[in-house]
Amino acid sequence: MTNYKVASQVARGLLTLSLAATVLSACGSSDEDAADQGDAIGGGQVTVYTGRHYGIEEVFEQFTTDTGIEVRFTTGKDPELRERLVEEGANTPADLLMTADAANVELAAEAGVLKEIDSPALEAAIPASLRSADNNWFGLSRRARVVVASTERVDDPPTTYEEVGDPKWKGRLCLRPSTHPYTQSLVASLIIANGNAAATETVASWVANDPLYIDSDTDIYEAIAAGDCDVALANTYYLGRLLEEDPEFPAAFSWPNQDERGAHVNLSTAAVTANGPNQKGAQRLLEWLATDGQQAFSDANFEYPADPSVDPAEIVGSWGTFKSDLDAILQLGEFQPDAVKVLSATGYE
Ligand code: FE2
């Protein structure tokens with residue numbers, strides 16, 4: 001986990017850093033202390049734990065420019081940040097939790113470290129299928145995990161997640177390891193759609209193809225370009241970044257399972273913490289990310305805006321529309337433990 005960073009206007013940097021140090025030493029501060037830091041509508045400073053980090057600093061700076069509220073943030077992996085919130089309990093300095101995975105935010109909600117938010121602005125901007133039923137977390141953008149293939153060596157890419165287990169891809173497949181939330185949520189979606197036995201069969205067929213396990217989606221795309229594998233499972237936004245640098249990048253993806261449930265879709269999420277010192281400020285940041293900041297937040301990482309009235313970035317729009325597996329999203333947390341068991345039982349590394 002990295003040290004705290006502060007998104008602020010450059011001229012205010014020193015002031016902000018000293019303020020951040022003050023807040024750290026006042027760890028365990030009460031709501032009254034928080035009120036001293038901010039005004040009645042939640043000003044002052046907001047502290048964020050974020051598992052979603054691409055381009056986040058620029059987005060927070062824009063929020064600070066719009067509202068005058070400073071954002072201090074620390075990045076980490078979703079499970080680490082969730083466990084840290086639980087361990088810190090009432091003493092957490094974090095006002096907002098942001099994740100790159102819907103399962104981990106739901107597990108945080110179940111652990112009791114998130115706050116229910118009654119916000120007409122959030123309910124108007126974020127469809128019910130992309131936020132928790134209890135309104136204690138909200139999806140801010142959709143991220144699709146798809147079947148990727150080499151444009152140089154593959155003419156007939158798999159059209160479903162299940163077909164990735166076809167023996168013709170033996171020795172030609174790259175996958176993210178079992179420990180990563182993206183893998184766990186994808187397998188959870190297989191269980192939700194097909195049941196435990198069928199999901200186990202699918203994952204076992206992937207493992208039987210002797211995949212090369214690579215713990216970075218960017219490196220997975222690079223492995224396809226280098227010829228180390230021909231087919232892979234990866235998120236679309238990484239290709240957006242690679243194509244921005246090199247429009248001829250030799251990989252493409254297809255939208256899987258379009259004749260049935262649709263492509264597996266995960267979320268970038270945000271949630272006000274149950275015990276943070278500045279809950280009003282956190283709610284303002286959350287509402288801003290869902291409204292005024294929705295375009296910047298989504299575009300910063302080539303993701304799909306949660307608000308259907310906001311257009312995706314140009315390159316993302318060029319990939320066309322697709323059917324997404326919306327039914328699974330709110331159940332990914334519930335089925336995450338089962339997914340871990342399936343991955344373990346099949347010998348998926
Ligand atoms: Fe990612």
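Use the structure listed above.
In short, a report on the structure. (Residues numbered from 1 in each chain as written. Predicted model: local features only at pLDDT ≥ 70, side-chain atom pairs only at ≥ 80, totals over all residues. Heavy atoms only, no water.)

Comments concerning the overall build of the protein
Point 1. Tallying secondary structure elements over the protein gives 15 helices and 11 strands in all.
Point 2. A burial count over the protein gives 56% of its 349 residues as buried.
Point 3. Once local pairs closer than 6 in sequence are excluded, the contacts in the protein between residues at least 24 apart make up 79%.
Point 4. Counting only carbon and sulfur atoms, one obtains 49% of the accessible surface of the protein, whose full area is about 14000 Å². (Helix = DSSP H or I, 4+ residues; strand = E, 2+ residues; numbered from the N terminus. Buried < 20%, exposed > 50% of the residue type's maximum accessible area, 1.4 Å probe, protein only. Contact = heavy atoms within 4.5 Å. Areas by Shrake-Rupley, 256 points an atom, 1.4 Å probe, with all protein chains shown as cover.)

Concerning the packing of helix H9 (residues 217–226) against helix H10 (residues 236–245)
Point 1. At a minimum axis distance of 9 Å, the contact between H9 and H10 shows a crossing angle of 65°. In this structure, the crossing between H9 and H10 has a hand that is right-handed. Of the residues in H10, those in contact with Asp217, Thr218, Tyr221 and Glu222 of H9 are Thr236, Tyr238, Leu239, Arg241 and Leu242.
Point 2. Tallied by class, the residues present in the contact of H9 with H10 amount to 4 nonpolar, 2 polar and 3 charged. (Axes fitted to C-alpha atoms, helices over the stretch in contact; angles between N-to-C directions. Left-handed = near helix turned anticlockwise from the far one by under 90°. Nonpolar A, V, L, I, M, F, W, Y, C, P; charged D, E, K, R; others polar.)

Thoughts on the coordination of the iron ion
Point 1. Note on the iron ion: its protein donors are Tyr182 (OH), Tyr237 (OH) and Tyr238 (OH). The metal-donor distances range over 1.9 to 2.1 Å.
Point 2. Counting the intervening residues between successive donors of the iron ion yields the motif Y-x54-Y-Y.
Point 3. A relative accessible area of 0% places Tyr237 in the buried class. (Donors = N, O, S within 2.8 Å, 3.2 Å for Na, K, Ca; no water.)

Regarding the packing of aromatic side chains
Point 1. Under the criterion given, the structure shown has 11 aromatic pairs.
Point 2. Judged by centre distance (5.9 Å) and plane angle (50°), the ring pair of Tyr54 and Tyr237 falls under tilted. One end of the pair, Tyr54, is in the loop between strand E2 (45–50) and helix H3 (56–67); the other, Tyr237, is in helix H10, and 183 residues separate them in sequence.
Point 3. Taking 3.7 Å as the distance between ring centres and 0° as the angle between the ring planes, the aromatic pair formed by Trp255 and Phe322 counts as stacked. One end of the pair, Trp255, is in the loop between strand E9 (251–254) and strand E10 (264–272); the other, Phe322, is in the loop between helix H13 (314–317) and helix H14 (326–329), and 67 residues separate them in sequence. (Phe/Tyr/Trp six-rings, centres within 6.5 Å; stacked < 30°, edge-to-face > 60°.)

Regarding a negative patch on the surface
Point 1. Side chains of Asp219, Glu222, Glu244, Glu245, Asp246 and Glu248 sit close together on the surface and give a patch of like negative charge.
Point 2. Positionally, Glu245 belongs in helix H10. (Patch = residues over 30% accessible without salt bridge, like charges linked within 9 Å, V, L, I, M, F, W, Y side chains within 5 Å. Salt bridge = Lys/Arg side-chain N within 4 Å of Asp/Glu carboxyl O. Lys, Arg positive; Asp, Glu negative; His and termini not counted. Charge placed at Lys NZ, Arg CZ, Asp CG, Glu CD.)

Re the pattern of salt bridges
Point 1. Taken as a whole, this structure holds 13 salt bridges when the rule is applied.
Point 2. Between Asp230 and Arg153 there is a salt bridge, with its nearest N and O atoms 2.6 Å apart. Of this pair, Asp230 sits in the loop between H9 and strand E8 (231–235) while Arg153 sits in the loop between strand E5 (138–150) and strand E6 (173–175); the two residues are 77 residues apart in sequence, bridging distant segments of the chain.
Point 3. A residue is classified by how much of its surface remains accessible, and Arg153, at 33% relative accessible area, is partly exposed.
Point 4. The partner of Arg261 in a salt bridge is Glu260, and the shortest N-O contact between them spans 3.2 Å.
Point 5. When salt bridges with common partners are traced through the structure, they connect Arg145, Arg176, Asp215 and Asp217 into a single cluster.

Remarks on the state of the cysteines
A disulfide bridge is the covalent bond that connects two cysteines by way of their sulfur atoms.
Point 1. Applying the stated criterion across every chain, the model contains 1 disulfide.
Point 2. Disulfide partner of Cys174: Cys229, at an S-S distance of 2.1 Å. On the sign convention where negative means left-handed, the S-S torsion of about -100° between Cys174 and Cys229 marks this disulfide as left-handed. Here Cys229 lies in the loop between H9 and E8 and Cys174 lies in strand E6, a separation of 55 residues in the sequence. Note on accessibility: Cys174 and Cys229 belong to one class, buried. (Disulfide = S-S within 2.5 Å.)

Looking at the environment of Ala296
Point 1. Examined against the element boundaries, Ala296 turns out to sit in helix H12 (residues 294–299).
Point 2. Distance in space between the C-alpha atoms of Ala296 and Pro312 is 9.9 Å, their sequence separation being 16 residues.

Thoughts on helix H7 (residues 181–194)
Point 1. For H7, spanning 14 residues, the distance from its first C-alpha to its last is 20 Å, which sits close to the expected 20 Å at 1.5 Å a residue.
Point 2. Counting buried residues in H7 gives 11 out of 14 residues, a clear majority hidden from the surface.
Point 3. Looking at H7, one finds that the buried residues are Pro181, Tyr182, Thr183, Gln184, Ser185, Leu186, Val187, Ala188, Ser189, Leu190 and Ile191. (Expected span 1.5 Å × (residues − 1).)

Thoughts on H9
Point 1. When H9 is considered as a whole, its buried residues turn out to be Asp217, Ile220, Tyr221, Ala223 and Ile224. Within H9, the buried residues cover an arc of 155° as seen down the axis, which keeps them to one side.
Point 2. On the buried face of H9, the contacting elements are E5, E6, H7, E8, H10 and E9.
Point 3. One or two steps after H9, the chain reaches Gly227, where phi turns positive at roughly 90°. (Arc of directions from axis to C-beta.)

Things to note about unusual backbone geometry
Point 1. Despite not being glycine, Asn135 has its phi angle at roughly 55°, a positive value.
Point 2. The residue Asn135 is located in the loop between helix H6 (120–125) and E5 in this model.
Point 3. The residue Phe302 is not glycine, and still its phi comes out positive at about 55°.
Point 4. Mapping Phe302 onto the fold places it in the loop between H12 and strand E11 (304–305).

Some thoughts on the environment of Arg145
Point 1. With respect to the element layout, Arg145 can be found in strand E5.
Point 2. In this structure Arg145 comes out as buried when scored by relative accessible area, which is 3%.
Point 3. Measuring from C-alpha to C-alpha, the distance between Arg145 and Trp255 comes to 8.9 Å, with 110 residues separating the pair along the chain.
Point 4. For Arg145, the contacting residues outside a window of four places in its chain are Tyr161, Arg176, Tyr182, Leu186, Asp217, Leu233, Ala234, Asn235, Pro256 and His264.

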